[in-house]
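These are the residues of each chain, in order.
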Amino acid sequence: MNTNAVIAIHGGAGTILRASMSASAEADYHAALHAVLSAGQRVLADGGSALDAVSEAVRLLEDCPLFNAGRGAVYTAAGTHELDAAIMDGSTLDAGAICCVTRVRNPILAARRVLERSEHVLFTGEGAEAFAAAQGLEFVEPEYFHTEARHRQWQLARGQQRAMLDHDGATLASKNDDPTPHEPIDPNRKFGTVGAVALDQRGHVAAATSTGGVTNKQVGRVGDTPLIGAGCYADDATCAVSTTGSGEMFMRMVAAYDVAAQMAYRNVSLEEAAHDVVMNRLPKIDGRGGLVAVDARGNVTLPFNTEGMYRGFARIGETPVTAIYR
Ligand code: ASP
């Protein structure tokens, strides 16, 4: 039995400024992260698999409108929602992912079914929805994903004719709006993608990531989140990684896999590998964001190169730790 079982989560990174966040919004984020970590911790304490723990954590984050995944997803340039998700099991290297779905309530559950019940790894658009429907997963009307905050963020991004990270949009919105502080909806510098990594009591790791993408993205745009190796990776031999940030740069750096590869080929620690990817390699191509990662020994690291990242981790029997700013 591995007594170091642990779960770590993120709710996106970006320009999350203390000044643009009200005390009550801050408390809401901490409470949401805490609740999700407690749920993941329970799965692990009950002897559940790392795969079950990350699925459950990401499902809960998708259902929480504070984050850019599932309910609360950002808007595309056409005013729609297109959701991406991926999951990977470090004990078998099995993986499943879906992208550009518009009506699947919990994209992470669809990704999990791909992992378990399909010979393929990644489904897109209509095919992904047909697969999810055949698996009996819950569908919702597109309005289900709507939140006022993300709608306002989209309108700002539209005005600026560019795509932006969710949390950056939050900060921008808070500047353009009334002077009262509220949650950071600056469409320029915030990424609200969610993710989880875990190590279970049997010593296996898993990773899961889910997103609405970036605000005002073109229809059909796919980021790093559903791409195995870019936004999500897990291998018991090295680590499990879930990323958030400027997806195009994370794809070009194959960021999640690079953490695992550095551990395997350079023989460096989890901490050192993750730090190198986030603090040295991504910034070379203007890659902004962060990641959460665990290894099979129970080490945890949560580096980011932006002003903030919603994050936390919890070990069995210990109080979950949550944080937002640097
Ligand atoms: N990485 C995500 C994407 O590019 C965005 C995010 O992390 O918020 O779709």
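Residues numbered from 1 in each chain as written. Predicted model: local features only at pLDDT ≥ 70, side-chain atom pairs only at ≥ 80, totals over all residues. Heavy atoms only, no water.

Caption draft 1: Spotlight on the site of the ligand. Close contacts around the ligand come from Phe 191, Gly 192, Thr 193, Thr 211, Gly 213, Arg 221, Asp 224, Thr 225, Thr 244, Gly 245 and Gly 247, and that covers them all. Here Thr 193 contributes a side-chain N or O atom positioned 2.7 Å from an oxygen atom of the ligand. For the ligand, whose unbound accessible area comes to 270 Å², protein coverage reaches 100%. Residues that form the shell around the ligand fall into these classes: one nonpolar, eight polar and two charged. (Near = heavy atom within 4 Å. Polar contact = N/O pair within 3.5 Å; in protein donor to acceptor, adjacent residues only side chain to side chain. Areas by Shrake-Rupley, 256 points an atom, 1.4 Å probe, with all protein chains shown as cover. Nonpolar A, V, L, I, M, F, W, Y, C, P; charged D, E, K, R; others polar.)

Caption draft 2: Structural view of unusual backbone geometry. One non-glycine residue, Cys 100, lies in positive phi territory at about 60 degrees. Judged by relative accessible area, Cys 100 falls into the buried class, the value being 12%. The phi dihedral of Asp 286 is positive, around 65 degrees, even though this residue is not glycine. Take Asp 286: it is sitting in the loop between helix H9 (270–284) and strand S11 (289–295). When its relative accessible area of 60% is taken as the criterion, Asp 286 is described as exposed. (Buried < 20%, exposed > 50% of the residue type's maximum accessible area, 1.4 Å probe, protein only. Helix = DSSP H or I, 4+ residues; strand = E, 2+ residues; numbered from the N terminus.)

Caption draft 3: Spatial organisation of the nonpolar core. Residues Val 259 and Val 294 are the most contacted members of the largest nonpolar core, which totals 40 residues. Element by element, the count of residues in this core is highest for H9, at six residues. Those residues in contact with Val 259, other than ones at most four positions away along the chain, are Cys 239, Val 241, Leu 270, Ala 273, Ala 274, Val 277 and Leu 291. Membership of the second largest hydrophobic core comes to 37 residues, among which are Ile 9, Val 36, Ile 87 and Ile 108. (Core = buried A, V, L, I, M, F, W, Y, C linked by side-chain atoms within 4.5 Å. Contact = heavy atoms within 4.5 Å.)

Caption draft 4: Structural context of the side chain of Asp 235. Within the secondary structure, Asp 235 sits in the loop between strand S9 (232–234) and strand S10 (239–245). The residues contacting Asp 235, other than those within four sequence positions of it, are Gly 90, Leu 93 and Val 205.

Caption draft 5: Representation of the packing of helix H2 (residues 50–63) against helix H3 (residues 107–117) in the model. Closest axis-to-axis distance for the H2/H3 pair is 8 Å, and the angle between their directions is 150 degrees. Looking at the two axes, H2 sits roughly antiparallel to H3. Two secondary-structure elements touch here, H2 through Leu 51, Asp 52, Ser 55, Val 58, Arg 59 and Glu 62 and H3 through Pro 107, Ile 108, Leu 109, Arg 112 and Leu 115. By residue class, the composition of the contact of H2 with H3 is six nonpolar, one polar and four charged. (Axes fitted to C-alpha atoms, helices over the stretch in contact; angles between N-to-C directions. Parallel < 35°, antiparallel > 145°, perpendicular 65-115°, else oblique.)

Caption draft 6: Region of the structure containing the pairing of strand S1 (residues 6–14). For S1, a buried count of nine out of nine residues is recorded, marking the element as mostly surrounded by other parts of the structure. Examined bridge by bridge, S1 and strand S13 (residues 308–315) share seven bridges and lie antiparallel to one another. Each bridged residue has a counterpart across the sheet, and for Ala 8 the counterpart in S13 is Phe 313. Here five bridges tie S1 to strand S7 (residues 194–199), and the two strands are oriented antiparallel to one another. In the strand pairing of S7, Ile 7 is matched with Ala 198. (Pairing = 2+ DSSP bridges.)

Caption draft 7: Molecular detail of the pairing of S10. Extensive coverage of S10 is indicated by the burial of seven of its seven residues. Bridging between S9 and S10 involves three bridges; their strand directions are antiparallel. Paired with Tyr 233 across the two strands is Val 241, which belongs to S10. Counting the residues between successive antiparallel strands, the hairpin from S9 to S10 contains four residues.

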